[in-house]
Amino acid sequence: GSTLGSAASGTGRYFGTAVSASRLSDSVYTGILSREFSMITPENEMKIDATEPAQGQFSYGNADRIVSQATSQGARMRGHTLAWYSQQPGWMQSMEGAALRSAMLNHITQVAGHYSGKIYAWDVVNEAFADGGSGARRDSNLQRTGDDWIEAAFRAARAADPNAKLCYNDYNTDDWNQAKTQAVYRMVQDFKSRGVPIDCVGFQSHFNPNSPVPSNYRTTLQNFADLGVDVQITELDIEGSGTAQADNYRTVTNACLAVTRCTGMTVWGIRDTDSWRASATPLLFDGNGQKKAAYTAVLDALNGG
Ligand code: G3I
């Protein structure tokens with residue numbers, strides 16, 4: 001294939017990007033988007049603060065604009081995200097206990113229901129585990145409603161959209177030897193053994209010199225896949241430039257290609273200037289929309305070279 005999407009498609013996979021509704025009026029941006037990408041994740045527009053800014057009042061305008069873009073270019077959608085400790089609207093931040101649990105479930109039912117049939121995979125729960133060596137859940141108002149909040153979220157999502165793949169999504173879960181990775185693995189293993197509806201695990205994969213691509217990255221992806229779930233690289237970006245950055249992108253792409261159940265990968269933005277950490281120049285296109293060495297490395301890897 002001559003584009004990321006077509007080359008990935010040749011391997012039975014998708015190649016996606018995060019999209020910001022605020023950039024859909026930029027023709028350089030939409031030109032690259034529609035040419036290269038076969039999957040779209042809204043960068044912020046499906047988050048809780050965006051879709052339910054006041055309790056019980058749902059707001060889908062920007063997210064719907066991104067879904068329309070996906071439809072018009074023949075791309076599919078990843079939904080991001082239904083339950084998260086962060087980017088909660090003010091009303092939810094101040095809730096706790098049974099009322100919060102019920103508000104979370106209603107949010108999932110409404111939003112996953114609104115998009116039912118239009119989402120390939122939902123990040124149902126995002127970033128629920130703590131960093132560091134504890135392997136514990138991350139403290140949050142959602143966690144304090146009870147340990148079963150994650151499985152409750154997955155069951156509500158399945159009921160609202162039976163055809164979407166339901167993913168758990170997190171960062172710093174790339175290194176097999178990290179406590180956080182092991183803790184997520186045990187949760188997925190437990191969910192599979194008890195029939196909690198989970199279909200996939202998303203590895204955000206935000207890499208930088210302090211958090212480089214681990215040498216056992218492929219092993220991590222394979223070990224999760226062996227639990228009977230798909231794995232996806234969901235928010236890839238790699239700080240750097242030139243050959244070193246290209247080599248890291250090649251390594252990540254080849255890791256996904258080596259794992260049958262790695263069904264696709266998504267970069268977290270199009271041009272470096274679109275990135276949430278633009279100064280790290282972590283993406284595949286420069287600020288002018290030109291292909292970087294990292295782009296060529298990914299495309300060549302997808303094409304089997
Ligand atoms: O839209 C408002 C604008 O009206 C306002 O003037 C401005 C002032 O701060 O803020 C704008 O909203 C910002 C939004 O990005 C859009 O640019 C928010 O403040 C800012 O917090 C938000 O950051 C997003 C971040 O998630 C929030 O947690 C990033 O764009 C987004 O890339 C980032 O994505 C996360 C994933 O969801 C989960 N994994 C990690 C990843 C990177 O942090």
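The coordinates are above.
The residue numbering used here restarts from 1 in each chain and proceeds along that chain's sequence as written. Reporting of local features is limited, given that this is a predicted model, to residues whose pLDDT is at least 70; pairs of side-chain atoms are given and counted only at 80 or more, and all residues count toward the totals for whole chains, interfaces and linings. Side-chain measures were taken over the full set of non-hydrogen atoms in the model, leaving aside hydrogen atoms and water.

Asker: Mind showing me how you'd approach the packing of helix H7 (residues 149-160) against helix H8 (residues 179-194) here?
Answerer: As a rule, the C-alpha atoms of each element are fitted with a line to give its axis, helices using only the stretch in contact, and angles between N-to-C directions run from 0 to 180 degrees. By the criteria applied, helices consist of DSSP H or I runs no shorter than four residues and strands consist of E runs no shorter than two, each listed in order from the N terminus. Packing of H7 against H8 leaves a shortest axis separation of 12 Å and a crossing angle of 55°. Relative to H8, the element H7 lies oblique. Of the two elements, H7 crosses H8, and the hand of that crossing is right-handed. Residue-level inspection shows Ile150, Glu151, Phe154 and Arg155 of H7 in contact with H8, the latter providing Met187, Phe191 and Arg194. When an angle is under 35 degrees it counts as roughly parallel; over 145 it counts as roughly antiparallel; between 65 and 115 it counts as roughly perpendicular; any other value is oblique. For any pair of crossing helices, the crossing counts as left-handed if the nearer helix is rotated counterclockwise from the farther one by less than a right angle, and right-handed if it is rotated clockwise. Contact criterion: two residues are considered in contact whenever any of their non-hydrogen atoms come within 4.5 Å of each other.

Asker: I would appreciate a short explanation of the packing of aromatic side chains in the present structure.
Answerer: Each aromatic ring pair is characterised by the separation of its centres together with the angle its planes make. Planes of paired rings set the category: under 30 degrees apart is stacked, over 60 is edge-to-face and the rest tilted, where pairs are Phe, Tyr or Trp rings (Trp by its six-membered ring) whose centres lie within 6.5 Å. Applying the stated criterion across every chain yields a total of 13 aromatic pairs. Judged by centre distance (6.2 Å) and plane angle (15°), the rings of phenylalanine 58 and tyrosine 60 are stacked. Only protein chains enter the accessibility calculation, which uses a 1.4 Å probe; a residue whose area is less than 20% of its type maximum is buried, one above 50% is exposed, and one in between is partly exposed. A relative accessible area of 25% places phenylalanine 58 in the partly exposed class. Seen from their ring centres, tryptophan 176 and phenylalanine 224 are 6.3 Å apart, and the 90° between their planes marks the pair as edge-to-face. Highlighted residues: tryptophan 176 in the loop between strand S5 (165-170) and H8 and phenylalanine 224 in helix H9 (residues 217-225), separated in sequence by 48 residues. Note on accessibility: tryptophan 176 and phenylalanine 224 belong to one class, buried.

Asker: How should I be thinking about the pattern of salt bridges in this particular structure?
Answerer: Pairs can form between side chains of opposite charge whenever their charged atoms are close. Here, a salt bridge means any side-chain nitrogen of Lys or Arg that lies within 4 Å of a carboxyl oxygen of Asp or Glu. One pass over the structure, following the stated rule, counts 19 salt bridges. Lysine 180 is the partner of aspartate 170 in a salt bridge, and the nearest nitrogen-oxygen pair spans 3.3 Å. One end of the pair, aspartate 170, is in strand S5; the other, lysine 180, is in helix H8, and ten residues separate them in sequence. We note a salt bridge from arginine 194 to aspartate 190, for which the minimum N-O separation is 2.9 Å. Separated by four residues within a single helix, arginine 194 and aspartate 190 lie in helix H8, roughly one turn from each other. Take aspartate 190: its relative accessible area is 30%, and that puts it in the partly exposed class. One network of salt bridges, in which partners are shared, links Arg23, Asp26, Arg271 and Asp274.

Asker: Honestly, the site of the ligand in this entry has me stumped. Any pointers?
Answerer: Glu43, Lys47, His80, Gln87 and Glu235 are the nearest of the 13 residues found near the ligand. Think of a polar contact as two N or O atoms within 3.5 Å of one another; within protein, one of them needs to be a possible hydrogen donor and the other a possible acceptor, and neighboring residues in sequence only count if both atoms come from side chains. Within the side chain of glutamate 235, an N or O atom sits 2.6 Å from a nitrogen atom of the ligand. Just so you know the grouping, Ala, Val, Leu, Ile, Met, Phe, Trp, Tyr, Cys and Pro go in nonpolar, Asp, Glu, Lys and Arg go in charged, and all remaining residues, Gly too, go in polar. Here the shell around the ligand is composed, by residue class, of three nonpolar, six polar and four charged. Consider each residue's heavy atoms; a residue with any of them within 4 Å of a molecule or strand counts as near.

Asker: I'm lost on the side chain of lysine 47 in this one. Help?
Answerer: Structurally, lysine 47 can be placed in the loop between strand S2 (39-42) and helix H3 (48-51). Among the polar contacts listed, one links the side chain of lysine 47 to the backbone oxygen of glutamate 43, at a separation of 3.0 Å. Apart from residues no more than four positions distant in its own chain, lysine 47 is found in contact with His80, Thr81, Trp84 and Gln87.

Asker: Looking at this structure, I do not really get helix H4 (residues 61-73). What am I missing?
Answerer: Each full turn of the α-helix corresponds to 3.6 residues, which orients residues three or four apart in the same direction. Every helix has an expected span of 1.5 Å times one less than the residues it contains. Look at H4: 19 Å from first C-alpha to last across 13 residues, which is about the 18 Å you get at 1.5 Å a residue. Those residues of H4 that sit buried are Ala63, Ile66, Val67, Gln69, Ala70 and Gln73. Burial along H4 is one-sided: seen end-on, the buried residues are contained in an arc of 155°. Looking at H4, the residues exposed on the side facing more than 90 degrees away from the buried face are Thr71 and Ser72. Here the buried face of H4 lies against strand S1 (14-19), helix H2 (27-36), S2 and strand S3 (76-84). Throughout, the arc means that of the directions going from the helix axis to the C-beta atoms.

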